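Tertiary structure, described
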Amino acid sequence: MTPGKRLVLIGHGMVGQRFLEAFFEQDPSGRTSARTSAWQVTVLAEEPRPAYDRVHLSSWFTGTSAEELSLCPDGFLEKCGIELRLGDRATAVDRAARTVTTASGRELPYDVLVLATGSYPFVPPVPGHDAPGCHVYRTIEDLEGIRDAAATAGAGAVIGGGLLGLEAAGALKAMGLPTHVVEFAPRLMALQVDDGGGAVLRRRIEDLGVTVHTGAGARRVETGEDGAARALTLSDGTRLPTDLVIFAAGVRPRDELARACGLPVGERGGIVVDEHCRTADPAVLAIGECALAADGRVYGLVAPGYAMAETAARALTEGGGSFTGADTSTKLKLLGVDVASFGDAHGAAEGALDVTYSNSRDGVYKKLVIGADGALLGGVLVGDTEAYGILRPLALSGTPLPAPPEQLVLPASAGVPAGPVTLPDDAVVCSCHHVTKGAVRAAVNDKGCTTVPEVKQCTRAGTGCGSCVKLLGTLVTDELAAAGVETARGLCEHFEHTRAELYEIIRVKGIDGFARLIDEHGTGGAGAGAEGCDVCKPAVGSILASLGNGHILDGEQAALQDTNDHFLANLQRNGSYSVVPRVPGGEITPAGLITIGEIARDYGLYTKITGGQRIDLFGATVDQLPHIWRRLVDAGFESGHAYGKALRTVKSCVGETWCRYGVQDSVGLAIELELRYRGLRAPHKLKSAVSGCARECAEAQSKDFGVIATSTGWNLYVGGNGGMTPRHADLLASGLDRPTLIRTIDRFLMFYIRTADRLERTAPWLERLDGGLDHLRAVVMDDSLGICADLDALMARHTAAYEDEWAATLADPVRLRRFVSFANAPGTPDPTVRFVPERDQIRPALPHKDGQVLTAPLIAGARLEVRAG
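Residues numbered from 1 in each chain as written. Predicted model: local features only at pLDDT ≥ 70, side-chain atom pairs only at ≥ 80, totals over all residues. Heavy atoms only, no water.

With that out of the way, let us pick up the overall build of the chain. The helix and strand tally for the chain stands at 28 helices and 40 strands. Taken against the 2.2 N^0.38 rule, which gives 29 Å for 869 residues, the C-alpha radius of gyration of the chain at 30 Å falls within 12% of a compact globule. If you line up the chain on its principal axes, its C-alpha atoms span 100 × 65 × 55 Å. When burial is assessed residue by residue, the chain has 54% of its 869 residues classed as buried. Within the chain, counting contacts between residues at least 6 apart in sequence, those at least 24 apart form 61% of the total. Of note, the chain has its 86 positive side-chain charges centred 3 Å away from the centre of its 106 negative side-chain charges. (Helix = DSSP H or I, 4+ residues; strand = E, 2+ residues; numbered from the N terminus. Rg over C-alpha atoms; globule rule 2.2 N^0.38 Å. Buried < 20%, exposed > 50% of the residue type's maximum accessible area, 1.4 Å probe, protein only. Contact = heavy atoms within 4.5 Å. Lys, Arg positive; Asp, Glu negative; His and termini not counted. Charge placed at Lys NZ, Arg CZ, Asp CG, Glu CD.)

As structure tokens, then:
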């Protein structure tokens, strides 16, 4: 190439940025290539910001900033001499004169033109589609508009049940809006999953409170007197009251510039290109979603777009390489449901057979498509995508299966799971950047990479959609272990620190938010998104809460919480919630019992006495929760934290107050302990009990911390639990007076919270603690580490700052916005919450079992409607 050639790139999205990186790739010494001085490059961007990560766009709703989503490294444009013109879109191309005209009136000459114009959201031309309240889901500006509209909206509806539509529905649900998903096809994600997978996916999503309408399209958007959206009418006649409508019904190629300048386009859109991504004009190339590839397809995924970008860069520099197709496998989490498809997911190949595992109780569906020769061709995974990282490369590589296919779809406890060792070195583990297992191994063994972020930087694996990151971690760990290298114990790929180390960092530095923590102490990895992941976000949220960092539903903390914490209630299998008021020591007045009974009667709730001496109220809908809790709070009750990783109960016998064998006041101590530790956030739930004598009626030795009365004082047991792996608690100290007992429990709990791993109960924590029980005793009773003053101060801080989460929520109108079902139709029951009568109460309807369901909760005096299920 002669110096001074002019290249114009139209479009600076993910694919456009990848083209620039491939075009100006660095040599091994770190210097940019000679193309920096040989080419004058101008980029025209329609949006007001450089390229950003659209794959993780929805994370913007959970606190990820536009800067964190950016894909353009600092200094990259300057180093490569690239002129980026933001907000100045191309309006015309003159191929004869080889010029591009922009919206600002500027005319740019080119020697080579690359079109990376992407796609635009398809909006069905139904009446009212452009009314205020109607949005698309494509850019950060679109999301800003949706967020602003959601603040005052009563309900939301998403047109489109594909990947983007379900992401949009998740965003609306997270903002507290009753949400509908409307899909014209007979199932959700029709391109990715089959009927069986679609049925399980729908059931899982409906269990979360999202109403799904399949086999129906939008007929019109009804508007009010102000011209804004007020309802959505479907093609089957259903009318949905909603003032926020999101169109996510697919995309169309942005090929208008090509059409206008005479370049061939496909019958259904897309700029026609050859295997080198060149159009009919050799000086014009097209890449990404705007291009109709040589195989006759328009690809809407990032991996094919990146492959086309790299092909075009090679065509302009090395002259080699071609694009003839790409892997369209996908793996993602939609509304908390894991979904994946890979290879020939629908069994289109002649002679293909299916091996299917379906468990509707657990919401799991797996299907493998096997060829006539026994090779794995593809598959669908819903609810459990653990094996995706292995199965997808196996399907693409043609490698013989490591076990019979039926064993590969069974749960891990019954099957023979395939591991990375079964993959050949030429198996592609990252389809976004076509990185093989061999390349990952070489990065570890030959280039000294010891962490996933280092492998990402070296190979680019995991920096696209992020679905391969877990497999990368396994490969790196296996290679290091084979070489005798000790691997890191970091919380996840975003943090090299353990949970205990992060606790100390947050406490000592006074960090009050996840964004600051990951900015200052994260690994910098971008694979699963710099916004964090399902491992580190709840763990950090728990740490912040345990250090008294304000209400868990305020600001950034709300986005870190697990599902139950979002609504301060336990989600049940049919989308309803349970209400569990705190009953310290199991002691309750007749007036309190009457209040609970009246609430259960008035809201038609199922009631049950728990094993922890409380009363569970089941069957409440989201919009009922504040009303129920208002009555409970007014009656003196407070949150029982049954939904959180916190203290649940301190169980008690009646002790010496009533029992002829009792030797201490077990009820009084249980109440004191429960009130002292209520709301204390921990790595896992905490349970306790106090028995008034050695007969142990409260079962204190099966609890995280338990107390048994003796005639000379109190015996303290720690590290016990029931569940699948029961453990008898160990005696930490005996004959303690009351102040010493409480001080010792204080220190035990705070030491556990400081040093345990995420989701680690006290039993496994104690078993792995160096020095075991003796070390624990030395720390909390003899102050062997010199930290008891800190532990005491942390507990004092907790007790002083405690406030009831539900009382605080009821006092804040902003927090209450999330607790709505249908604000436009007050009193209308949520049709997704269904029950059947049983033993004079209600239970969740099981669609696969019950022929009839109740469409509304059993409310006193209400008429019940029953229909066939």
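On to the pattern of salt bridges, then. Scanning the model with the defined rule gives 47 salt bridges in all. Aspartate 602 is paired through a salt bridge with arginine 631; the nearest N and O atoms lie 3.0 Å apart. Note that aspartate 602 is positioned in helix H19 (residues 590-603) and arginine 631 in helix H20 (residues 625-634), a separation of 29 residues in sequence. Residue arginine 631 is classed as partly exposed on the basis of its relative accessible area of 31%. Sharing partners across several salt bridges, the network here consists of Arg18, Glu21, Glu310 and Arg460. (Salt bridge = Lys/Arg side-chain N within 4 Å of Asp/Glu carboxyl O.)

The terminal C-alpha atoms of helix H14 (residues 469-482), which comprises 14 residues, lie 20 Å apart, in line with the 20 Å expected from a rise of 1.5 Å per residue. For H14, every residue scored as buried is listed here: Val469, Leu471, Leu472, Leu475, Val476, Glu479 and Leu480. Each buried residue of H14 sits inside an arc of 165° when the element is viewed along its axis, so together they form one side. Across H14 from its buried face, at more than 90 degrees, point the exposed residues Lys470, Ala481 and Ala482. Packed against the buried residues of H14 are helix H10 (388-397), strand E26 (428-430), helix H12 (437-445) and helix H13 (452-459). (Expected span 1.5 Å × (residues − 1). Arc of directions from axis to C-beta.)

With that settled, consider the sheet that holds strand E29 (residues 577-579). Sheet architecture is open: four strands sit in the order E28-E29-E31-E30, paired in antiparallel fashion. Strands at the two margins of the open sheet, each flanked by one partner only, are strand E28 (570-571) and strand E30 (606-609). Bridge count for E30 against strand E31 (residues 615-620) is four bridges, and the pairing is antiparallel. Note that in E31 the partner of tyrosine 606 across the bridge is phenylalanine 618. Across the sheet, H20 is in contact with E29 and E31; its angle to E29 comes to roughly 5°. (Pairing = 2+ DSSP bridges. Axes fitted to C-alpha atoms, helices over the stretch in contact; angles between N-to-C directions.)

What follows concerns the side chain of arginine 648. Following the sequence through the fold, arginine 648 ends up in strand E32 (residues 647-652). With relative accessibility at 16%, the residue arginine 648 sits in the buried group. At 3.3 Å, the side chain of arginine 648 forms a polar contact with the backbone oxygen of histidine 641. Within the structure, arginine 648 has its side chain in polar contact with the backbone oxygen of glycine 644 (distance 3.2 Å). Residues contacting arginine 648, with those up to four places away along its chain left out, are Arg582, Arg614, Gly640, His641, Ala642, Glu674, Lys685, Leu686 and Lys687. (Polar contact = N/O pair within 3.5 Å; in protein donor to acceptor, adjacent residues only side chain to side chain.)

Throughout the structure, instances matching the rule amount to 17 aromatic pairs. Here the aromatic rings of tryptophan 60 and phenylalanine 61 are separated by 5.4 Å at their centres, their planes lie at 80°, and the arrangement is edge-to-face. Each member of the pair tryptophan 60 and phenylalanine 61 is classed as buried. Relative to phenylalanine 705, the ring of tyrosine 677 has its centre 5.9 Å away and its plane inclined at 90°; by these criteria the two rings are edge-to-face. Residue tyrosine 677 is located in helix H22 (residues 666-677), and its partner phenylalanine 705 is located in strand E34 (residues 705-710); the two are separated by 28 residues in the primary sequence. Phenylalanine 705 carries the same exposure label as tyrosine 677, and that label is buried. Taken together, the ring pairs in this structure connect Phe567, Tyr577, Trp629, Trp806 and Phe819 into an aromatic cluster. Looking at arginine 695, its charged tip hangs above the ring of tyrosine 661, at a distance of 3.6 Å from the centre. (Phe/Tyr/Trp six-rings, centres within 6.5 Å; stacked < 30°, edge-to-face > 60°. Lys NZ or Arg CZ within 6 Å of the ring centre and 35° of its normal.)

Let's shift gears to the sheet that holds strand E11 (residues 179-183). Taken together, the five strands give an open sheet; going across it, the order is E9-E16-E10-E11-E12, and neighbouring strands pair in parallel fashion. The sheet is open, and its two borders are formed by strand E9 (134-136) and strand E12 (211-214), each paired with just one other strand. Within the sheet, the average angular offset between the axes of one strand and its neighbour, ignoring direction, is 20°. Pairing analysis gives three bridges linking E9 to strand E16 (residues 244-247), with the strands arranged parallel.

Okay, the side chain of histidine 798 next. If you trace the backbone, histidine 798 turns up in helix H26 (residues 788-801). For histidine 798, the side chain forms a polar contact with the main-chain oxygen of arginine 678, separated by 3.2 Å. The residues contacting histidine 798, other than those within four sequence positions of it, are Arg676, Tyr677, Arg678, Gly679 and Leu680.

Okay, the confidence of the model for the chain next. Considering every residue of the chain, the mean pLDDT works out to 86; 91% of them sit at 70 or more. Predicted confidence is poor over residues 26-31, with pLDDT under 50, and the contacts of this stretch with residues over four places away or in other chains come to three contacts. Throughout residues 525-529 the model reports pLDDT below 50, and contacts reaching past four residues in sequence, or to other chains, amount to 22 contacts. (pLDDT = per-residue confidence, 0-100.)

A cluster of acidic residues, Glu67, Glu68, Asp512, Asp519 and Glu556, forms a negative patch at the surface. With respect to the helices and strands, the residue aspartate 512 is situated in the loop between helix H15 (499-509) and helix H16 (514-521). (Patch = residues over 30% accessible without salt bridge, like charges linked within 9 Å, V, L, I, M, F, W, Y side chains within 5 Å. Areas by Shrake-Rupley, 256 points an atom, 1.4 Å probe, with all protein chains shown as cover.)

In this section: the pairing of strand E4 (residues 90-94). As a general feature of sheets, a regular strand has side chains that alternate between the two faces. As paired elements, E4 and strand E5 (residues 99-102) share four bridges and run antiparallel to each other. Directly across from alanine 90, in E5, lies its bridge partner threonine 102. Here E4 folds back onto E5, and the loop between the two strands holds four residues, one of which, arginine 98, carries a positive phi near 55°.

Our focus in this paragraph is unusual backbone geometry. The phi angle of most residues is negative, glycine excepted, and most peptide bonds adopt the trans form. Even without being a glycine, cysteine 277 presents a positive backbone phi close to 70°. If you trace the backbone, cysteine 277 turns up in the loop between strand E18 (271-272) and strand E19 (284-286). Backbone geometry places glutamate 696, a non-glycine residue, at a positive phi of 60°. Here glutamate 696 shows up in the loop between strand E33 (686-691) and E34. Given a relative accessible area of 15%, glutamate 696 falls into the buried group.

Time to look at the environment of proline 304. Relative to the elements of secondary structure, proline 304 occurs in helix H9 (residues 302-317). Proline 304 sits in the buried class, given a relative accessible area of 0%. Residues proline 304 and threonine 324 lie 20 residues apart in sequence; the distance between their C-alpha atoms is 9.9 Å.

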